[in-house]
Amino acid sequence: MKKLSSSAIAHPNIALIKYWGNKNQVLRIPVNGSISFNLDSLFTKTQVTFISELPSDILFINGHETSGSGLDRVVSFLNFVRELAGKQIFAQVNSENNFPVGTGIASSASAFAALSLAASNAIGLNLSEKELSCLARRGSGSASRSIPEGFVEWFPGETHSDSFAVSIAPSTHWDLVDLVAVVTHEHKKVGSTAGHKLANTSPLQSARVEDTKRRLDIVREAIKYRDFQAMAEMVELDSNMMHAVMMTSSPTLMYWEKSSITIMKNVQKWRASGIPVCYTMDAGPNVHVITTKDYSEEIHQKLSSISGIKKIFTAAVGGKARLIDN
Ligand code: PMV
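Residues numbered from 1 in each chain as written. Predicted model: local features only at pLDDT ≥ 70, side-chain atom pairs only at ≥ 80, totals over all residues. Heavy atoms only, no water.

Brief notes about the domain arrangement of the chain
The test is simple: Note: domain ranges come from an automatic or database domain assignment. Here, residues are in contact when the closest pair of their heavy atoms is within 4.5 Å. We define buried area as the total accessible area lost by two parts upon association, computed with a 1.4 Å probe and summed across both. Just to be clear on terms, a salt bridge is a Lys or Arg side-chain nitrogen sitting within 4 Å of an Asp or Glu carboxyl oxygen. Side-chain atoms alone can form a polar contact between residues adjacent in sequence; in general such a contact is a pair of N or O atoms within 3.5 Å, and within protein one must be able to donate a hydrogen while the other accepts it. Counting from the N terminus, the helices are the DSSP runs of H or I reaching at least four residues and the strands are the DSSP runs of E reaching at least two.
Assigned domains of the chain: these are domain 1 (3-172) and domain 2 (176-316). Domain 1 and domain 2 are separated by 23 Å when their C-alpha centres are compared. Between domain 1 and domain 2, the residue contacts involve 35 residues of the former and 45 residues of the latter. Roughly 3,300 Å² of surface becomes buried between domain 1 and domain 2 when both sides are summed, with 66% attributable to carbon and sulfur atoms. Taken together, domain 1 and domain 2 are joined by 2 salt bridges. Here domain 1 is connected to domain 2 by 12 residue pairs in polar contact (both at pLDDT 80 or more). Those elements that provide at least two residues to the side of domain 1 that touches domain 2 are strand 2 (13-17), strand 5 (34-38), strand 10 (151-155) and strand 11 (164-169).

Side note on the environment of alanine 199
This is how it is decided: Whether a residue is buried, partly exposed or exposed follows from its accessible area with a 1.4 Å probe, protein chains only, as a fraction of its type maximum: under 20%, in between, or over 50%, in that order.
Take alanine 199: it is sitting in the loop between helix 4 (192-198) and helix 5 (205-210). Under the relative-accessibility criterion, alanine 199 is labelled buried at 1%. Separated by 45 residues in the primary sequence, alanine 199 and alanine 244 have C-alpha atoms spaced 10 Å apart. Not counting the four nearest positions on each side in its chain, alanine 199 is found in contact with Trp20, Gly21, Gln205, Val245 and Ser249.

What about the site of the ligand?
Condition: Proximity criterion: a residue is near a molecule or strand once any of its heavy atoms comes within 4 Å of it. Computed by Shrake-Rupley with a 1.4 Å probe, the accessible areas treat only the displayed protein chains as cover when residues are assessed. For this classification, the nonpolar set comprises Ala, Val, Leu, Ile, Met, Phe, Trp, Tyr, Cys and Pro, the charged set comprises Asp, Glu, Lys and Arg, and every other residue, Gly included, is treated as polar.
Taken together, 14 residues lie near the ligand, and Tyr19, Ser140, Ser142, Arg145 and Ser192 sit nearest. In this structure, an oxygen atom belonging to the ligand sits 3.4 Å away from a main-chain N or O atom of glycine 141. In isolation the ligand has 380 Å² of accessible area, and contact with the protein removes 97% of it. For the shell around the ligand, the class distribution of residues is 5 nonpolar, 6 polar and 3 charged.

Here is the structure:
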C-alpha cells in the first residue's frame, strides 16, 4: 500500500480590516484588501495521508468522522490539490482544533491553511509561501492570511495567482493580545461563504469598499509605528462598517447578541479612560477585544465581570503555518 503523509499546524487570524464580499465567488477573490494578525494559542493541527487503496476522501474532525457539507468542502479543496499535482489519489484527513468552530473565531482560516500545507506537502508539491496562500484562499478566503507570519496583509488581486497574503511584520513586532470573549457556543446560522454572496445586496457595501484603501493605509501605518490609538479607531470603524453591511443585506445578517453590545460599549469606556483596548467582531456574536500584553490581565478581569461571557480565550500574535512531525 502506497502512503504519502504530512502534518501541519496553522493559527486562526483576526482581521483588523475585514474581508467581506467577493468579486469572484468560485475563486474567492475579494472585493477589498484586508489586514490581520495570527492568534498564537489557538490552532488547527491537520494530518493528510494519501492512500492509493482509498475509494474516496475521508475526514475526521476532533476524532469524529464527518460527512455532509464539511466533507464536500474538503473534497473540493483536495480536488485542486490533486489537479495541481496531476495525481488521482484519495486522502484521509484528520483535523483537530483547540477552540470552538463556527462561532466567529476563524476556524475555517486555520483549517484550510493547515490543510493546504499538509496536503500539498504530502502529495509531493513544494509550494512557495505565495502559492500556499493562493491555494488556502480557495478553501476559505481568510485562510490565505493564516499562511504567512505575524501581521499579514492580503492583496485582493484579480486572478487566482495574484490574490495572496504576505507578512507585513513578524509576530515579535508588537505585543498585542486578542481576548476572545465567547458569548455563545452555538454554531452560527449563516456562515461566511453564504454571507459574502449577500454583501452586494446591501446599499452600504459600495461605500464600505470605496473607503477601504484609506482604512488599510491607516492600520498598516499604525502597525508599523505601534500606534494603538490610530489603530483602535480604524479597527472599530471597520468592524462596524462590515456589520452595518451585514445588517442591511437581504436577507439581513444580524450577528450581534445583547452581550456583544455590552462588551463593545465597555471597551469604548475603558479606552476613553486611557487603556489601549479596542473591539472587533467577525461573522459571529463573539467579541475580539484587542489590547497590549501589559493590559491583558486587567482587561481579562474586567471582561470576566460582564455577565453573559461564557469563556475568554487569550492569544498573542502568532507565527506562520508550518509542517510538524506526523
Ligand atoms: O474566510 P471566510 O470566508 O470565512 O470569511 C471571513 C470573513 C470575516 O471573518 C467576517 C472577516 C475577515 O476578514 O476575516
